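Structural overview for review
Read off the chains here:
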Amino acid sequence: MSGGPSLRGNTADFSLDALLRLLGDTGKTGELSLRTTASEGALGLADGRVVTAVYADEQPIPALAAILALESAEFEFTPWDDAPPANLEGDLDTLRAKANEYSGWLASVREVIPSDRTSFRLSERAAEHGAVTFTADRWRVVLAVNGERDVTALAAHLGLDRDEALTTLASLVCDGVLQTIEPPPVVATPDPPAP
């Protein structure tokens, strides 16, 4: 059961850090939803502690990292009588450290694999890099690369989550085994003419 919204605003005027501190200090339980023009996410709080992060199809820590990175987001806190189901453990500083670590990892991967729409092919320069170690997991990924599958398709084909696929693909690109293929630009389709 929940009540009506008790707090609304924009993180450009009232930072997410200050908002979380306020909700923590006052021991609030409920949902903090955040929206930008491009995305939205939510944090669940129990007695002022962040216990849940939801953002697209992301796992909890990547979801938290994405939410913490939102700029100029409209926010709304709705109090709940019962705590939301938890998918995070630890205090806010510990969770923030994990989210920052994840964001750093993702930034380093994005230097090698710019987007999940990137596809791959075997590199002609593989022999120039000398000896390369292949585990069973790395072989599975190499064998699944066909020049057409992007990160998402490879992850689905291999039954891996996106981050596992990104980790292996990035290491294979860095070792010179694979080359990235830039995705074609997204072309907006024009609206059909009016009858």
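Criteria and thresholds
Residues numbered from 1 in each chain as written. Predicted model: local features only at pLDDT ≥ 70, side-chain atom pairs only at ≥ 80, totals over all residues. Heavy atoms only, no water. Phe/Tyr/Trp six-rings, centres within 6.5 Å; stacked < 30°, edge-to-face > 60°. Helix = DSSP H or I, 4+ residues; strand = E, 2+ residues; numbered from the N terminus. Lys NZ or Arg CZ within 6 Å of the ring centre and 35° of its normal. Core = buried A, V, L, I, M, F, W, Y, C linked by side-chain atoms within 4.5 Å. Buried < 20%, exposed > 50% of the residue type's maximum accessible area, 1.4 Å probe, protein only. Contact = heavy atoms within 4.5 Å. Pairing = 2+ DSSP bridges. Axes fitted to C-alpha atoms, helices over the stretch in contact; angles between N-to-C directions. pLDDT = per-residue confidence, 0-100. Arc of directions from axis to C-beta.

1. Things to note about the packing of aromatic side chains
Two aromatic rings, taken as a pair, are described by how far apart their centres are and by the angle between their planes. Counted by the stated rule, this structure contains 2 aromatic pairs. A ring pair is formed by Tyr102 and Trp105, whose centres lie 5.4 Å apart and whose planes are at 40°; its orientation type is tilted. One end of the pair, Tyr102, and the other, Trp105, are both in helix α3 (residues 92-112), 3 residues apart, so they sit about a helical turn from each other. Lying across the ring of Phe134, Arg138 places its NZ or CZ 5.8 Å from the centre.

2. A closer look at the nonpolar core
By size, the foremost hydrophobic cluster in this structure holds 43 residues, and its most contacted members are Leu32, Leu34, Leu43, Ile113, Phe120, Leu169 and Leu178. The leading source of residues in this core is helix α6 (residues 162-174), at 6 residues. For Ile113, the residues in contact, after removing those within four places along its chain, are Thr118, Phe120, Val151, Leu166, Leu169 and Ala170.

3. Topic: the sheet that holds strand β4 (residues 49-55)
Within a sheet, neighbouring strands are paired by backbone hydrogen bonds and run either parallel or antiparallel to one another. As summarised here, the arrangement of the 5 strands in space is β1-β5-β2-β3-β4, forming an open sheet in which the pairing is antiparallel. In this open sheet, the two strands that pair with only one neighbour each are β1 (7-10) and β4. On average, each strand axis in the sheet is tilted by 15° relative to the strand beside it, whichever way the strands run. Bridge analysis of strand β3 (residues 40-46) against β4 gives 6 bridges, and the strand direction is antiparallel. By the bridge assignment for β4, Gly41 is matched with Tyr55.

4. Some thoughts on the confidence of the model for the protein chain
Per-residue confidence for the protein chain gives a mean pLDDT of 90; residues scoring 70 or more make up 90%. Here β1 is the element of the protein chain with the lowest mean pLDDT, 92, and β4 is the one with the highest, 97.

5. As for helix α1 (residues 16-25)
All of the buried residues along α1 are Leu16, Leu19, Leu20 and Leu23. Considered in projection along α1, the buried side chains sweep an arc of 95° and stay on one side of the axis. Exposed residues pointing more than 90 degrees away from the buried face of α1 are listed as Arg21 and Asp25. Looking one or two residues past α1, Gly27 carries a phi angle of roughly 65°, positive in sign.

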